[in-house]
Structure formats: C-alpha cells, structure tokens
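Observations on the three-dimensional arrangement
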Amino acid sequence: MFGYCSDPALLDGLQWLSCYLTTGKHMGFYVSFGTVLLLLAITAPAAMLFGFGGAMAARGRIAPLRWLGKAYIALVRGVPDIAFFLFFVIALDQGIEWLRHQVKCPDWDQPIRQGSDFVVCSAAKMPLGTSPQWMHETYGFTLAVLTFAIVFGAFAANVLFGAMGAVPHGQIETAESYGMTHRQTFWRILVPQMWIYALPGLSNLWMVLIKATPLLFLLGVEDIVYWARELGGSKTSRFTAYPHGDWRMWYFLALLVFYLAFTRLSEVFLDRLTARLSHGQATVGGTAQRKAS
C-alpha cells in the first residue's frame, strides 16, 4: 500500500508526511497511547484495593493492624512520588532477583553486592537474558503498575478513611440498635454511603494519576513521552530517510491535546457519577437535587 514510500526524496509534501507518520517508530508511538490507557485501567482498581485495605486497617480495632494502616498512609504520602517510584522499582526488582538467586544458585560463593553493582547468577535474572523482548517489556510494565498502585493506593486510603468518618454516626448507632453486627453495619451502612463523601477526593486523585503517567518514562517504559522526545528530536539524512528539524514542540503539543481531551472526558463522567450517587443523600448535592425537583 505504501510502496511509493521507498524513495522519500521523490515525494511531495503530503505524501512525504503520510509516509513519515506511518514508519515503524510512529507505530510504536501510537501503541504507547494504548500503554498509558492500559496503565490507568489496571492501576485505578488496583490502587482502590490498596486504598480500601489501608483505610480498613487504619480503622481497625486491632492496634498493630491500625498502626500498620496509618503508617502505610503516612509513609507513602510523605515521600515525593518520583523518589518513591525510582526507589521502589529498583528495590522490588533486586528483591525478586535476590530471592531467585537464593533458590536457583545456592552454591554461589561471590558477594551479591560488589561496590555499587548488584550481581546475581544468570539463572536468577528477572527476566532471563535469553527471554524475548516482550517479556522484558511486560516485566517492566508490571513493576510500574505495582508501584503506581501502591503510591496512589496510599492517597486513596487517606480519602476513604476520611469518607468513612464523614458518614453520620447516628446511622451507625441506629443500625446497631436494630441488632446489626459490626460487620453488617460496615458493609451495609458505612460502605454504601461513604462513596459520595469520597468521590471528590477520588476524582482529584484520578486527575493526578492521569498527569502522573509520564513517570513511566522514568521507569524505563517506552511511553508517549519517550516516543515524543525520540521522534521529535532533530534527524539528519545520515540516520533516517525522513530528515527534519527539532519537532519536539509539535509532538508534545499532541500530548497536551491528548491529556486535555482525556481529562475533559473524565470530568464529564465524574460529574454524572457524582449526581447519581448524590440522589437521595443528605449532602449538599442531594439537597440541590431535591430542591431542583
């Protein structure tokens, strides 16, 4: 279909541009948008699980569990995101390889820490040096997802912890007076009503998560920021059939449009979800709906 692209020097402007935008590297650029969306699709529910677990632990009746939940929230929230990302990915990667090293190479007699190098036997590498490229990419992406989930799970835990405390205590006492157990009160009264109080904070957290996706570039994942910088930089005819000047501004402008459009769609969805959850609730939003009707 694109056979006329074999000699870019003979193409006119529009043909040259169409050939340029369909190169293999540009296909990688387009796929990277799916990588970002996949990260969000996996990280958001995973962070909610971490957050819900952290909030439940922070409200727990067992003191060590309560201390653990509050420590998780305070520790992750108190460390800059970029520092935690860079530390946790390296620590988790080395921890996995150390465990594999203990199992697969018990006769290893060399120190693992050799100055600033972390050296394990080749069989303990994760993934193996002989593994295909897609396994290396999947492993790096998995570490990134887990890191994002832990970091944003701590923020979600703080939001959910506050939302649980915002549910009117009189409803909890009423449920208990009707003979409900603590477990029944939690799942039937507290959890269903806390979401309306948590949604504003979770909405802001979702927007922050969207804006944090360029950190994938720092974690070694070939995301849209990586490709925008790679493709937009100056190219000469010595290194490519499509030489051009510094076009990074245009590539990053495309990213700006993408993020603005995506956040706008998110705002519309979250506004509708807030209106739905506010229906019949004794909140500002619920009161406004009753007055409007």
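Just so we're clear, the structure is a prediction, and the values are computed from it rather than from any experiment.

Thoughts on the overall build of the chain
Summing up its helical and strand segments, the chain has ten helices and two strands in all. Here the C-alpha atoms of the chain give a radius of gyration of 25 Å, more than 25% beyond the 19 Å that 2.2 N^0.38 yields for 293 residues. Sequence-distant contacts, at least 24 apart, represent 66% of the contacts inside the chain between residues at least 6 apart. Carbon and sulfur atoms form 66% of the exposed surface of the chain, whose accessible area is close to 17,400 Å². Each charge sign in the chain was given a centre, from 22 positive and 17 negative side chains, and these centres are 13 Å apart.

Some words on the layout of surface pockets
By volume, the largest pocket amounts to about 500 Å³. The wall of the largest pocket is formed by 23 residues, among which Glu 137, Phe 141, Gly 220, Val 221 and Glu 222 lie closest to the centre. For the lining of the largest pocket, the secondary structure elements donating two or more residues are helix H2 (24–58), helix H4 (81–104) and helix H5 (133–166). Sort the elements by how many residues they give to the lining of the largest pocket and H5 lands first, with eight residues. Here the second largest pocket is characterised by a volume of approximately 360 Å³.

A closer look at the environment of Leu 86
By the element assignment, Leu 86 lies in helix H4. By relative accessible area, which is 38% here, Leu 86 ends up partly exposed.

Points about the packing of helix H7 (residues 182–212) against helix H9 (residues 248–278)
Their axes nearest at 11 Å, the elements H7 and H9 cross at an angle of 175°. It follows from the interaxial angle that H7 and H9 lie roughly antiparallel. Contacts between H7 and H9 involve Trp 195, Ile 196, Leu 199, Ser 203, Trp 206, Met 207 and Ile 210 from the former and Tyr 259, Phe 262, Thr 263, Ser 266, Glu 267, Leu 270, Leu 273, Thr 274, Leu 277 and Ser 278 from the latter.

Side note on the UniProt feature "transmembrane region" (unreviewed entry) in the chain
On the UniProt side, "transmembrane region" (unreviewed entry) is annotated at positions that read residues 27–50, 71–92, 139–164, 185–202 and 249–266 here. Here residues 27–50 runs as 100% helix and 0% strand, with 34 Å between its end C-alpha atoms. The span residues 249–266 is 100% helical and 0% strand by assignment, and the distance between its end C-alpha atoms comes to 26 Å.

Things to note about the packing of helix H8 (residues 224–232) against H9
Where H8 meets H9, the closest approach of the two axes is 7 Å, and the angle between their N-to-C directions is 155°. The orientation of H8 relative to H9 falls into the category roughly antiparallel. The two elements H8 and H9 cross, and the hand of that crossing is right-handed. Touching Ile 224, Val 225, Ala 228, Arg 229, Leu 231 and Gly 232 of H8 are Arg 248, Tyr 251, Phe 252, Leu 255, Phe 258 and Tyr 259, all from H9. A class-by-class count of the residues in the contact of H8 with H9 yields nine nonpolar, one polar and two charged.

Details of the nonpolar core
Judged by nonpolar contacts, the single largest core of 65 residues is most densely connected at Phe 29, Phe 148, Phe 152, Met 194 and Ile 224. Here this core gets 15 residues from one element, more than from any other, and that element is H5. Setting aside anything within four residues of it in sequence, one finds Phe 148 in contact with Leu 39, Thr 43, Phe 85, Gly 153, Leu 209, Ala 212, Thr 213, Leu 215, Leu 216 and Leu 219.

Things to note about the pattern of salt bridges
Overall, the coordinates contain three salt bridges when judged by the stated rule. A salt bridge links Glu 230 to Lys 25; the nearest nitrogen and oxygen atoms lie 3.3 Å apart. On the criterion of sequence distance, the pair formed by Glu 230 in helix H8 and Lys 25 in helix H2 is long-range, its members being 205 residues apart. You can call Glu 230 partly exposed: its relative accessible area is 28%. The salt bridge partner of Glu 267 is Arg 264, with a shortest N-O separation of 3.1 Å. Here Glu 267 and its partner Arg 264 are both found in helix H9, three residues apart, which amounts to about one turn of the helix. A relative accessible area of 35% means that Glu 267 is categorised as partly exposed.

How each quantity is defined
- Residues numbered from 1 in each chain as written.
- Predicted model: local features only at pLDDT ≥ 70, side-chain atom pairs only at ≥ 80, totals over all residues.
- Heavy atoms only, no water.
- Helix = DSSP H or I, 4+ residues; strand = E, 2+ residues; numbered from the N terminus.
- Rg over C-alpha atoms; globule rule 2.2 N^0.38 Å.
- Contact = heavy atoms within 4.5 Å.
- Areas by Shrake-Rupley, 256 points an atom, 1.4 Å probe, with all protein chains shown as cover.
- Lys, Arg positive; Asp, Glu negative; His and termini not counted.
- Charge placed at Lys NZ, Arg CZ, Asp CG, Glu CD.
- 1 Å grid on protein atoms, 1.4 Å probe; cavity = no way out; pocket = protein on both sides within 12 Å on 5 of 7 lines; lining within 4 Å.
- Points joined across faces, edges and corners; volume = space filled by probe spheres on them.
- Buried < 20%, exposed > 50% of the residue type's maximum accessible area, 1.4 Å probe, protein only.
- Axes fitted to C-alpha atoms, helices over the stretch in contact; angles between N-to-C directions.
- Parallel < 35°, antiparallel > 145°, perpendicular 65-115°, else oblique.
- UniProt positions renumbered as here; feature names shortened; annotations may be inferred.
- Left-handed = near helix turned anticlockwise from the far one by under 90°.
- Nonpolar A, V, L, I, M, F, W, Y, C, P; charged D, E, K, R; others polar.
- Core = buried A, V, L, I, M, F, W, Y, C linked by side-chain atoms within 4.5 Å.
- Salt bridge = Lys/Arg side-chain N within 4 Å of Asp/Glu carboxyl O.

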